[in-house]
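Each chain, written out:
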Amino acid sequence: MVLRWRWCRYFDEFASVLLLAVLWSLAQQHWLVQAFLIPKPSTSPPPSFVRGRMAAENPVETNDNKEKNKEGHDAQRYRARGVSATKQEVLAAVQSNGERHSSAASASLYPRAFCKVLPDIWTNDPAAAIVMHADGAGSKAALAYAYWRETGDLSVWKGIAQDALVMNLDDVYCVGATRAPGLVTSTIARNRRMVPGEVIKALIEGLEEVMEELRPWGVDLRLAGGETADLGDQVQTLTVDCTLATRMPRADVIDNGNIQAGDWIVGLASSGLPAMYEARRLYNSGIGSNGLTAARHDVLAPEVGLRYPETFDPALKDLAYCGTRHLTEWMDIDKQRIRVGQLLLSPTRTYAPVLAKLLHHEAGLRDYVHGIVHCSGGGQTKVLRCLDPSRAPLHLVKNNLFKVPDVFRLIAEEQEKHRMLCGRGNEETNGARETEWREMYQVFNMGHRMEVYVGGGEEQAQGVIAVAEAMGVAAKVVGRVEEGKTGVVGERHSLTVHHVGFGGGGGGGGGGLEGGGAKFVYT
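Computed from a predicted model, the values in this text were never measured in an experiment.

Quick notes on the rules
Residues numbered from 1 in each chain as written. Predicted model: local features only at pLDDT ≥ 70, side-chain atom pairs only at ≥ 80, totals over all residues. Heavy atoms only, no water. Helix = DSSP H or I, 4+ residues; strand = E, 2+ residues; numbered from the N terminus. Buried < 20%, exposed > 50% of the residue type's maximum accessible area, 1.4 Å probe, protein only. Contact = heavy atoms within 4.5 Å. Core = buried A, V, L, I, M, F, W, Y, C linked by side-chain atoms within 4.5 Å. Axes fitted to C-alpha atoms, helices over the stretch in contact; angles between N-to-C directions. Parallel < 35°, antiparallel > 145°, perpendicular 65-115°, else oblique. Left-handed = near helix turned anticlockwise from the far one by under 90°. Nonpolar A, V, L, I, M, F, W, Y, C, P; charged D, E, K, R; others polar. Phe/Tyr/Trp six-rings, centres within 6.5 Å; stacked < 30°, edge-to-face > 60°. Lys NZ or Arg CZ within 6 Å of the ring centre and 35° of its normal. Expected span 1.5 Å × (residues − 1). Salt bridge = Lys/Arg side-chain N within 4 Å of Asp/Glu carboxyl O. Polar contact = N/O pair within 3.5 Å; in protein donor to acceptor, adjacent residues only side chain to side chain. Pairing = 2+ DSSP bridges.

From N to C terminus, the protein chain includes 17 helices and 14 strands. Split into buried and exposed, the 523 residues of the protein chain put 50% on the buried side. Considering only residue pairs separated by 6 or more positions, the protein chain has 79% of its internal contacts joining residues 24 or more positions apart.

Another point: the nonpolar core. Among the nonpolar cores identified, the biggest contains 127 residues, and Trp157 and Phe444 are the most heavily contacted of them. When residues no more than four places from it in sequence are discounted, the contact partners of Trp157 are Ala141, Ala144, Tyr145, Trp148, Val199, Ala202, Leu203 and Leu238.

Here the focus is the packing of helix 9 (residues 292-299) against helix 13 (residues 406-421). Interaxial distance between helix 9 and helix 13 falls to 9 Å at its minimum, and their mutual angle equals 55 degrees. In this view, helix 9 runs oblique relative to helix 13, as classed from their interaxial angle. Crossing geometry of helix 9 relative to helix 13 is assigned as left-handed. Here Ala295, Asp298 and Val299 of helix 9 come into contact with helix 13, specifically with Leu410, Ile411, Glu414, Gln415 and His418. Tallied by class, the residues present in the contact of helix 9 with helix 13 amount to four nonpolar, two polar and two charged.

Summed over the entire model, instances satisfying the criterion amount to six aromatic pairs. Each ring, one from Trp148 and one from Trp157, has its centre 6.2 Å from the other, and the planes form 65 degrees; the classification is edge-to-face. Across this residue pair, the class does not change: Trp148 and Trp157 are buried. Note on Trp217 and Tyr277: the rings are 6.2 Å apart at their centroids and 65 degrees apart in plane angle, and the pair reads as edge-to-face. In this pair, Trp217 is assigned in the loop between helix 8 (197-214) and strand 4 (221-230) and Tyr277 in the loop between strand 6 (264-269) and helix 9, connecting sequence segments 60 residues apart. For Trp217, a relative accessible area of 30% gives the class partly exposed. Taken together, the aromatic side chains of Tyr145, Trp148 and Trp157 make up a single cluster linked through ring pairs. Sitting over the face of the ring of Phe402, Lys476 holds its NZ or CZ atom 5.1 Å from the ring centroid.

Here we take up helix 6 (residues 140-151). Along its twelve residues, helix 6 runs 16 Å from first to last C-alpha, staying within 8% of the 16 Å computed at 1.5 Å per residue. Buried residues dominate helix 6, accounting for nine of its twelve residues. Restricting attention to buried positions, one finds in helix 6 the residues Lys140, Ala141, Ala142, Leu143, Ala144, Tyr145, Ala146, Tyr147 and Trp148. Phi turns positive, to about 75 degrees, at Gly152, one or two residues after helix 6.

Attention now goes to the pattern of salt bridges. Two side chains carrying opposite charge are able to pair once their charged atoms lie near each other. If you walk through the whole model with that rule in mind, you get 23 salt bridges. In the salt-bridge network here, residues are joined through shared partners; they are Glu208, Arg215, Asp220 and Arg222.

Of note, Asp163 is situated in helix 7 (residues 156-173). Taking the relative accessible area as the measure of exposure, Asp163 reaches 0% and is therefore buried. Here the side chain of Asp163 touches Lys140 through a polar contact of 3.2 Å, side chain to side chain. A polar atom in the side chain of Asp163 sits 2.7 Å from the side chain of Thr348. Apart from the residues within four sequence positions on either side, Asp163 is in contact with Ala137, Lys140, Ser289, Ser346, Pro347 and Thr348.

A few words on helix 9. Among the eight residues of helix 9, eight are classified as buried, and the element is accordingly described as predominantly covered. Of the residues making up helix 9, those classed as buried are Leu292, Thr293, Ala294, Ala295, Arg296, His297, Asp298 and Val299.

Below, the discussion takes up unusual backbone geometry. One non-glycine residue with positive phi stands out, namely Asn124, at about 60 degrees. Note on placement: Asn124 falls in the loop between strand 1 (117-119) and strand 2 (128-136).

Sheet topology note: the strand 6/strand 12 (residues 475-483) ladder contains five bridges and is antiparallel. What sits directly across from Gly267, in strand 12, is Lys476. Pairing between strand 10 (residues 394-398) and strand 12: four bridges, direction antiparallel. Pairing of His395 across the sheet is with Glu482, part of strand 12.

Given below as structure tokens:
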């Protein structure tokens, strides 16, 4: 019995020591995790990001990459994040469907119009047409989620509701459908565990408020309901979309197939102080609702991803949140103090009141408007999708663009920081800088998000400018349309963009990429 008692006592003591050792080991591991595996956010991307960036900028030439290169001059970094500036796959699918069902009832009456224009099957009026459009706020909703979580500011959701609406409204107005009321539906998909009812309430009420604010300016929209789906196992945060339907006279259709040599290109500024019809009396960065995947990840610091991992795909790894800025960091822009998060979340400006007045018979300009293009997805190259490929090639020259807005300058500066971390030589650095600027014109609006193609001459172009400026929207002639130079670009329509860097004022020579000397050609 004595021996058994002593053995048990020694065993208990040994077990106690072993337990203490295990607990101490776990504590040490926890400390190591806190100290090394989850470091405090740095203002510089981690070394692993540099390796990922170099791999993204210098991909191995595999068969898969060769196939991707066939997509054309798509933005490589944009594509690496699972998005596309040119949307070649989508456009190819749409084109294939159109070729297979060219005589179907769903074929557009005006194939080159900015939106699909259908026969009026509601009343069978041969002089009328129906326009219906669906779009949304895209990944900007994920950014709004992070900012709301960080600050508790529910007002960001009215901006997201406006983004979703404007991406439909301005597209529809590009075809001239400005006279009849429009019916709007809202579609929200959320993860209920992350997005509570107060956010849904702010989105629905915000959408209604934006429509009420536009009605006095000749833009009549009515909310016809919608759908809010709880998709917690499919959606990490939320998506916010809208659909807009309206009816219009066929005689009013603006067909971009009429864009021709000799046209003047008038751009309407995307950034600046509020227009007369904008209830939000704050500076608008001009970011719009396109390119937010690039803007979010290139500008914001790794801290955002660590705090809100639900806002991005973990498969992105080193391409996610690799900037140096923080959501609540202050910046001085146009004599105003604004947070970085607010800068990236500026609501998409609508040009609907301007277009409604411009196309009204009293303005006397509708007959001179040959085309209207919303520079959304595809940025400054969007117009190339609107030109008739069966016609003689046109060459568009944009050589007098607006000064690059500060939000795009911020994105470029963050990209420059990444490039410097890679330790490239001067020649390689200059090549990378040129590639990044080229991509930015494919992704972002870069200063104007709406452009009007005007025939008749300078007097008519100035008339368009006067209508916009009377409503507080800066406007100017940003370029022209010429006959295509067959010997240079073949039989395809082409676009030359004169990069104006940070100085603005047109495409004068000299000064390198920041001085306005670069030209980018797209086909």
